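Below, each chain spelled out in residue letters.
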Amino acid sequence: MQVNGEGNNLDAFFEMIDLIEDDISEMLESENSRLSGYECLVISFNCLTLFCRQVKIDFSQIEDHFSESEKTQSGENSLGFDSSIDLKEHNEVEAFNGMLEGIENTLASFEKRCKKTDELFDEWNCVFIMYTCLRKYCEKTKVNYGELIEDVSKLQSNLEK
């Protein structure tokens, strides 16, 4: 993924989402692979943190901004992200794929809103929206975010070796 310049960064961001979907599809097609919703989250946060590193976005700043917005919004959903997918009706991977589709729909809605309001549609806002959706999904599925990020860090350090 070559990244340089805001337009290219946005292209790279959307390519990253496609890569996440492709990785999940490939793993589902593999006979030796059993994929869970947790593993889908690991794949997504791994890609998101690597993207942040590439475009020089401080991932901890995204985490801090999310925490602050959670305090001030008190459960409101200003992004329009629909986390209403019924986890009992879907297997974990189907539910996760539905959530990824929800992220793409939220980004499309945000882009339309930006055109009307002159808000900035850039890679930082896109990363924040994706991060927020992933965190809301963690909450809905009762996944411990701290442990998840620890697993992502371990994965990244193992890949670097």
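In case you missed it, the structure is sitting above this.
Report follows, based on the coordinates. Just so we're clear, the structure is a prediction, and the values are computed from it rather than from any experiment.

1. A few points about helix H6 (residues 145-160)
No. 1: Here H6 contains 16 residues, and its C-alpha end-to-end distance of 22 Å stays within 8% of the 22 Å for a straight helix at 1.5 Å per residue.
No. 2: Those residues of H6 not exposed but buried are Tyr145, Leu148, Ile149, Val152 and Gln156. Looking down the long axis of H6, one finds its buried residues gathered within 95° of arc, a one-sided arrangement.
No. 3: Contacts made by the buried residues of H6 are with helix H2 (37-55), helix H3 (59-73) and helix H5 (123-141).
No. 4: In this structure Asn144 caps H6, since a side-chain oxygen of it lies 2.9 Å from the backbone nitrogen of Gly146.

2. A few points about the packing of aromatic side chains
No. 1: Taken as a whole, this structure holds eleven aromatic pairs when the rule is applied.
No. 2: Ring geometry for Phe45 against Tyr131: centres 5.9 Å apart, planes inclined by 80°, an arrangement best described as edge-to-face. One end of the pair, Phe45, is in helix H2; the other, Tyr131, is in helix H5, with 86 residues separating them in the sequence.
No. 3: Tyr131 sits in the buried class, given a relative accessible area of 0%.

3. Notes on the environment of Phe59
No. 1: Summarising the element assignment, Phe59 is placed in helix H3.
No. 2: Note on Phe59: relative accessible area 14%, which makes it buried.
No. 3: For the pair Phe59 and Leu48, spaced eleven residues apart in sequence, the C-alpha separation works out to 8.7 Å.
No. 4: Apart from residues lying up to four places away in sequence, Phe59 is in contact with Phe45, Leu48, Thr49, Cys52, Tyr131, Tyr145 and Ile149.

4. Thoughts on the environment of Phe128
No. 1: Mapped onto the secondary structure, Phe128 falls in helix H5.
No. 2: A relative accessible area of 10% means that Phe128 is categorised as buried.
No. 3: Between the C-alpha atom of Phe128 and that of Gln61, which follows or precedes it by 67 residues, the distance is 9.6 Å.
No. 4: Residues in contact with Phe128, not counting those within four places in the same chain, are Ile62, His65, Phe66 and Ser69.

5. A short note on the nonpolar core
No. 1: If you look at the biggest cluster of nonpolar residues, it comprises 47 residues, and the most contacted ones within it are Phe13 and Phe45.
No. 2: Counting only elements with at least two residues in this core, the list comes to helix H1 (6-29), H2, H3, helix H4 (92-117), H5 and H6.
No. 3: Residues within four places of Phe13 in sequence aside, it is in contact with Leu48, Phe51, Leu107, Cys126, Val127 and Met130.

Calculation rules
Residues numbered from 1 in each chain as written. Predicted model: local features only at pLDDT ≥ 70, side-chain atom pairs only at ≥ 80, totals over all residues. Heavy atoms only, no water. Helix = DSSP H or I, 4+ residues; strand = E, 2+ residues; numbered from the N terminus. Expected span 1.5 Å × (residues − 1). Buried < 20%, exposed > 50% of the residue type's maximum accessible area, 1.4 Å probe, protein only. Arc of directions from axis to C-beta. Contact = heavy atoms within 4.5 Å. Polar contact = N/O pair within 3.5 Å; in protein donor to acceptor, adjacent residues only side chain to side chain. Phe/Tyr/Trp six-rings, centres within 6.5 Å; stacked < 30°, edge-to-face > 60°. Core = buried A, V, L, I, M, F, W, Y, C linked by side-chain atoms within 4.5 Å.

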